[in-house]
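Okay, here's what each chain looks like letter by letter:
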Amino acid sequence: MLSVKKLLNTTVFLAALLSFFMGQEHLEPIFTFTYLFLLLGALLIDAMHWPRPRPWMINGLVLLLLSFIFIRIRFDTIVESFMEAILILIGVKMLEGKRARDYGEIFLLSLMI
């Protein structure tokens, strides 16, 4: 039987995957692999019921990745840099435990791509 949570998780995962494919040609290869790694990790955590990473680990990962994005930002690549930042935020949001507002945030971030 399909539960509402499984349906929401599937819909959010498909929205995150669709947003990746829509902006994939503008991404650097390292961010392509990072995003796919985050999505695969989130899918495995949800499917296998593995424990989620600790919040301090997720926050450290976000700070590291976003600082790398903002260090290399230039005026002529500002749109691509913000797209990379949004995709990384979607990937990290998928790793966290999801509450009702998190589904809306992931959908909104997916629309921003």
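Structural notes, computed from the coordinates. (Residues numbered from 1 in each chain as written. Predicted model: local features only at pLDDT ≥ 70, side-chain atom pairs only at ≥ 80, totals over all residues. Heavy atoms only, no water.)

### Remarks on the side chain of S110
At step 1: Among the structural elements, S110 can be located in helix α5 (residues 100–112).
At step 2: Residue S110 is classed as buried on the basis of its relative accessible area, which comes to 9%.
At step 3: Ignoring anything within four residues of it in the chain, the contact list for S110 reads A15, A16, S19 and I90. (Helix = DSSP H or I, 4+ residues; strand = E, 2+ residues; numbered from the N terminus. Buried < 20%, exposed > 50% of the residue type's maximum accessible area, 1.4 Å probe, protein only. Contact = heavy atoms within 4.5 Å.)

### Quick word on the nonpolar core
At step 1: Core analysis: the largest hydrophobic core is formed by 28 residues, its most contacted members being Y35, I90 and M94.
At step 2: Elements with a minimum of two residues in this core: α1 (4–23), α2 (29–48), α3 (55–71), α4 (78–95) and α5.
At step 3: When residues in this core are grouped by element, the largest group, 9 residues, is from α4.
At step 4: Discounting chain neighbours no more than four positions away, the residues touching M94 are V12, F13, A16, L39, A42, R52 and I106. (Core = buried A, V, L, I, M, F, W, Y, C linked by side-chain atoms within 4.5 Å.)

The analysis is restricted to geometry; functional conclusions fall outside its scope.
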